[in-house]
Amino acid sequence: MSRDFRSGTWIASIALLASGFVSGQTKPGSALSLDGLTVYDSTNNITWLADANPAAANRFTLPLCTATGAEPCVNANGSMDYVSAAAWVKAMNAANYLGHNNWQLPATPPLDRGCTKTGANGNSFGYGCTASALGSLYYNTLGLKAPNTAVPISAGAAGPFSNLQPYLYWSQTNAGSNGNNTFSFDTGWQGANTPTHVMYVLPMIPGKLPGTPPANGQGLQVNPGGQTVYDPVSNVTWLANANLAASNAFGLAPCQGPATPSICVNLDGALNLESANQFIANMNSDHGTGYLAQKNWQLPPVDPGCSGWDCGSARNPMGELFYGQFGLSRGMSAVTTPETAVGPFHNVQPYLYWSCQAASIQDPCQAAGPVTNQEWSFSFGNGFEGTDVLLNNLFVTAYFAGTRAEASGPVIAEVANAEGESPVIAPNTWVEIKGANLAPTGDSRIWRASDFTGDQMPSQLDHVGATVNGRSAYVYYISPTQVNILTPPDALAGPVQVQVTNNGAAASGFTAQAQPLSPSFFVFNGGPYVAAVHANGALIGPTALYPGATTPARPGETILLYANGFGPASVPVTSGSTVQSGTLSPLPAVQIGGVAATVQFAGLVAPGEFQFNVVIPPSLGDGDQAIAATYGGISTQTGTLIAIHK
């Protein structure tokens, strides 16, 4: 495939412009700052971060969580346990982020007359809680109504499943006074929840359906018709639609509120436990023959003896999907939440957020939580306020009391891999810098042929430049809120200083984390489909992605994938040169639909751009399949897909 680096028309350019800040309309009592970085809540006199999942892009020196469970640490999706959340805010203050050192976790007072429930110790919980910072944000500032999610997930593709929700799912297993066991497809956590909580249902049937093809291997197998999926490891048959209740309520009334009527299905398919059990019963009696002519649908079981993490196999069929078949680890999301604007905020996660006990919204966090070994939480999936064990992994946001002065010069808010959004950068890697006043007002463009000197990429566009550890980076795209660069090829490790200058004005130094590798796939139009082409150069994707231009890949076909941040190749890179080449050794491991794919070639073919020639596994069925590459023990971003059709 031809690439003209001076005009910026190679395949990477499709991806590098795909991400950016998403601004929404402010609500009464809230105001987005002119630089788009904070939101002032005049009702409570607090200033929030506009990015509602800031830890995914800025870990403030905390390490990435690993399987060892050492803390404090931050997961790749931005979630973390409570000890890590407190440490993250402390590190944020140590960095004097955006000129402030009084950031705090959102506060929750123990008593709230608006809540629907009162716990055994007298604390308020449930729906309608507005005295807490997060409750006030959900119900008052954003005007949401329980049990509605802040961010609807309509596709939710994960392997052969559709409509999988990055939230909690009911099991059939009772947890005594704690309610019922549940499983999170947003973090991999197995816990328990009160029956009044509203969450999702993934129906299953024990064993293999009679008349379906024999099992072949240990991977997921889509049955004829595509509506059910057999997992030979846990020996269960799943419904392929992981949120059927959103489109087929089987006669249950739509919810008008969290428990109105007592048995109902919410607009997004979520149900309380009583409604979930009735939903399954109605599936089994559907038209007298049962849904899909099956009468033994049920909620999945879980082994209550499992620890919170890493439980799969037949002990926890949902855990087997997450850990075994999807190949995920603790703290990873099976489905990526789109960066949808929610009022003046972006990156709101439709999941649970950490809060802390305090006398009022403006008061600092107290040392002790509401219950031993637990702290407050709030769900942007449905407006539920409750408590969670400290080891659970929830999302984090922060605010400080008072207002923030507007910045006049450049401000860096985050530095991340331009495709995977990982806050760890690497040499010769495409990186995005987000912030405010990074380029002159109204100046947004990519590089042009006139910006090059010979075969050297430009280090400035319109007097906007960037450095990494004092070395000039190569500037591809500028705008007031985002600058995209190619980092220099010099070795990077640990904390590194990233700087942006705009017409001679320099931003305050920003400390990013670096390592030799930061692998990611380029994606079309912001994702989730990877940037890939057929051998003839035609684009790969669903036919509806770019009508007339994209077609799915075929099982057994050799395709070309494009990637970023895979480190040094066999030929040393000349800093700034448009000519880059060399191969990777060993070859990266690529999995498609959970099946290992044959990699025929992997190498650097253009500045910061790697090409992988990969054979689609012949056993894969039709549909969107998850795809990941692993190199040096580090994997590409989650949630990427490739369209397959025989």
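Residues numbered from 1 in each chain as written. Predicted model: local features only at pLDDT ≥ 70, side-chain atom pairs only at ≥ 80, totals over all residues. Heavy atoms only, no water.

(A) Representation of the overall build of the protein within the structure. Along the backbone of the protein there are 5 helices and 43 strands. For the protein, the C-alpha radius of gyration of 25 Å lies close to 26 Å, the compact-globule estimate for 646 residues. Summarising its shape, the C-alpha atoms of the protein cover approximately 75 × 60 × 40 Å along the three principal directions. Each of the 646 residues in the protein was classed as buried or not, and the buried ones make up 57%. Of all intrachain contacts in the protein linking residues separated by at least 6 positions in sequence, the fraction that spans at least 24 positions is 63%. When the accessible surface of the protein is totalled, it reaches about 23,500 Å², and 53% of it is carbon and sulfur. (Helix = DSSP H or I, 4+ residues; strand = E, 2+ residues; numbered from the N terminus. Rg over C-alpha atoms; globule rule 2.2 N^0.38 Å. Buried < 20%, exposed > 50% of the residue type's maximum accessible area, 1.4 Å probe, protein only. Contact = heavy atoms within 4.5 Å. Areas by Shrake-Rupley, 256 points an atom, 1.4 Å probe, with all protein chains shown as cover.)

(B) Molecular detail of the sheet that holds strand 20 (residues 399-401). In space, the 4 strands of this open sheet follow the order 1-2-3-20, with antiparallel pairing throughout. Across the chains shown, the open sheet's two edge strands, defined by having one partner strand only, are strand 1 (30-32) and strand 20. This sheet shows a mean twist of 20° between the axes of neighbouring strands, independent of strand direction. Both strand 2 (residues 38-41) and strand 3 (residues 46-49) contribute to a ladder of 4 bridges, which runs antiparallel. By the bridge assignment, Tyr-40 is partnered in strand 3 with Thr-47. Where helix 3 (residues 133-141) meets the sheet, it contacts strand 1, strand 2, strand 3 and strand 20, and its direction lies at approximately 85° from that of strand 3. (Pairing = 2+ DSSP bridges. Axes fitted to C-alpha atoms, helices over the stretch in contact; angles between N-to-C directions.)

(C) A look at unusual backbone geometry. Residue Pro-147 is reached from Ala-146 by a cis peptide bond, and omega for that bond is 5°. Residue placement: Pro-147 occurs in the loop between helix 3 and strand 7 (168-174). Cis geometry is found at the peptide bond from Gly-527 to Pro-528, where omega equals 10°. Locating Pro-528 in the fold gives a position in the loop between strand 33 (520-521) and strand 34 (532-533). The phi dihedral of Phe-60 is positive, around 50°, even though this residue is not glycine. The topology assignment puts Phe-60 in the loop between strand 3 and helix 2 (82-94).

(D) Highlighting the packing of aromatic side chains. Inspection of every chain in the model, using the stated rule, returns 37 aromatic pairs. Lying over the aromatic face of Tyr-230, Lys-208 brings its terminal NZ or CZ to 5.1 Å of the ring centre. (Phe/Tyr/Trp six-rings, centres within 6.5 Å; stacked < 30°, edge-to-face > 60°. Lys NZ or Arg CZ within 6 Å of the ring centre and 35° of its normal.)

(E) Structural detail: the state of the cysteines. In total, this model carries 5 disulfides according to the counting rule given. Residue pairing for Cys-115: its cysteine sulfur links by disulfide to Cys-129, the two sulfurs lying 2.0 Å apart. Across the disulfide from Cys-115 to Cys-129, rotation about the S-S bond amounts to roughly 140°, and the bridge is consequently right-handed. Of this pair, Cys-115 sits in the loop between strand 4 (107-108) and strand 5 (117-118) while Cys-129 is found in the loop between strand 6 (124-125) and helix 3, placing the two residues 14 residues apart along the sequence. Here Cys-115 and Cys-129 have matching classes, each one buried. (Disulfide = S-S within 2.5 Å.)

(F) Spatial organisation of the sheet that holds strand 19 (residues 385-389). The 3 strands are arranged 16-18-19 in an open sheet whose pairing can be described as antiparallel. Each edge of the open sheet carries a strand with a single partner, namely strand 16 (352-354) and strand 19. In this sheet, neighbouring strand axes are inclined to one another by 45° on average, regardless of whether the strands run parallel or antiparallel. Pairing of strand 16 with strand 18 (residues 374-379), which is carried by 3 bridges, proceeds in the antiparallel orientation. For Tyr-353, the partnering residue across the bridge sits in strand 18 and is Phe-378. The strands touched by helix 3 are strand 16 and strand 18; relative to strand 18, the strand with the most contacts, the crossing angle is about 10°.

(G) View of the side chain of Thr-108. Within the secondary structure, Thr-108 is located in strand 4. For Thr-108, a relative accessible area of 2% puts it in the buried group. One polar contact links Thr-108 to Ser-355, side chain to side chain, over a distance of 2.6 Å. (Polar contact = N/O pair within 3.5 Å; in protein donor to acceptor, adjacent residues only side chain to side chain.)

(H) Expanded view of the environment of Gly-576. By secondary structure assignment, the location of Gly-576 is in the loop between strand 37 (558-564) and strand 38 (589-592). Residues Gly-576 and Gln-456 lie 120 residues apart in sequence; the distance between their C-alpha atoms is 5.2 Å. Excluding residues that lie within four positions of it along the chain, Gly-576 makes contacts with Asp-455, Gln-456, Met-457 and Tyr-474.

(I) Representation of helix 2. Compared with an ideal rise of 1.5 Å per residue, which puts 13 residues at 18 Å, helix 2 spans 18 Å between its outermost C-alpha atoms and is within 8% of the ideal. Looking only at helix 2, the buried set comprises Tyr-82, Ser-84, Ala-85, Trp-88, Val-89, Ala-91, Met-92 and Asn-93. Looking at the buried residues of helix 2, the elements they touch are strand 3, strand 16, strand 17 (356-357) and strand 18. Asn-96 sits one or two residues past helix 2 and shows a positive phi near 50°. (Expected span 1.5 Å × (residues − 1).)

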